[in-house]
Amino acid sequence: LPQLSVLSEKVATVAVRCAGQLPPAFIDYTLSRDLADGVVLAGCGENSCYYRFGIQWTNSRLARERDPHLRARVPKDKVRVFWVGRLGGKALNQLLLEFANTLGETKPRKPLRAVGEAEDQEQTHV
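Nothing here was measured: the structure is a model prediction, and the numbers come from that model.

## Thoughts on the overall build of the protein
- When you go through the protein residue by residue, the secondary structure sums to 3 helices and 4 strands.
- Listing each helix as α and each strand as β along the protein from the N terminus yields β-β-α-β-α-β-α.
- Residues counted as buried form 27% of the 126 residues belonging to the protein.
- Of the contacts made within the protein by residues no fewer than 6 positions apart, 55% connect residues no fewer than 24 positions apart.
- Accessible surface for the protein amounts to roughly 8900 Å². Of this, 51% is attributable to carbon and sulfur atoms.

Right under this line is the structure:
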């Protein structure tokens, strides 16, 4: 089961073994339900996918060339892909900051809850 981690007031992560595991419907759901202003997919470095085709399949799905593909209603400017690899944490942090700035000011959101947390517990907004 993927785990939600709230990194800051503006950034939360959902970890999966491979970006290729993430169905495009997850991105559509997140954006269409106004749960986030944007979605970033990050993973293995270009041409070094641990699971062989994760990068290729993810890129094809986002380009709407491979099923299951990203629906046309998802604005492309709200989705970014960063293939930075394991050692690219510093670069990823910079890219996240830049992407967050391009999204502009965000409106307050419902607090995110980790699986199993009670609704009345106070959480950081994302």
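Past the structure itself, the notes keep going.
## A look at the pairing of strand S3 (residues 39-43)
- Here S3 pairs with strand S4 (residues 79-83) via 5 bridges, running parallel. Looking across to S4, one finds that glycine 43 is bridged to tryptophan 83.
- In the classification by handedness, the crossover that spans S3, the intervening helix H2 (residues 54-62) and the parallel S4 is right-handed.

## Comments concerning the nonpolar core
- In this structure, Leu22, Ile27, Leu31, Val39, Leu41, Leu62, Leu70, Val74 and Val79 together form the largest nonpolar core, which totals 9 residues.
- Secondary structure elements with two or more residues in this core: helix H1 (24-32) and S3.
- In this structure isoleucine 27 touches Leu22, Val39, Leu41, Leu62, Leu70, Val74 and Val79, once residues within four positions along its chain are discounted.
- Core analysis: the next-biggest nonpolar cluster, separate from the first, contains 5 residues, Cys18, Cys49, Ile55 and Trp83 among them.

## Some details on H1
- Listing the buried residues of H1 in full gives Pro24, Ile27, Asp28, Thr30 and Leu31. All buried residues of H1 lie within an arc of 165 degrees about the axis, which places them on one face of the element.
- In this fold, the buried residues of H1 make contact with S3, H2 and S4.
- At the C-terminal side of H1, aspartate 34 shows a positive phi close to 60 degrees.

## Focus on the side chain of serine 60
- Relative to the assigned elements, serine 60 resides in helix H2.
- With a relative accessible area of 18%, serine 60 lands in the buried category.
- In this view, serine 60 contacts Glu65 and Arg66; residues no more than four positions away in its chain are not counted.

## Things to note about the state of the cysteines
- Summed over all chains, the structure comprises 0 disulfides.
- Free of any disulfide, cysteine 44 has its nearest cysteine sulfur in cysteine 49, 4.7 Å distant.
- Judged by its relative accessible area of 25%, cysteine 44 is partly exposed.
- Free cysteine cysteine 49: the closest other cysteine sulfur is in cysteine 18, separated by 4.4 Å.
- Given the relative accessible area of 17%, cysteine 49 is considered buried.

Thresholds, definitions, all that
Residues numbered from 1 in each chain as written. Predicted model: local features only at pLDDT ≥ 70, side-chain atom pairs only at ≥ 80, totals over all residues. Heavy atoms only, no water. Helix = DSSP H or I, 4+ residues; strand = E, 2+ residues; numbered from the N terminus. Buried < 20%, exposed > 50% of the residue type's maximum accessible area, 1.4 Å probe, protein only. Contact = heavy atoms within 4.5 Å. Areas by Shrake-Rupley, 256 points an atom, 1.4 Å probe, with all protein chains shown as cover. Pairing = 2+ DSSP bridges. Right-handed = clockwise from strand over helix to strand, strands pointing away. Core = buried A, V, L, I, M, F, W, Y, C linked by side-chain atoms within 4.5 Å. Arc of directions from axis to C-beta. Disulfide = S-S within 2.5 Å.

Everything listed here is a matter of coordinates, which is why it stays silent on function.
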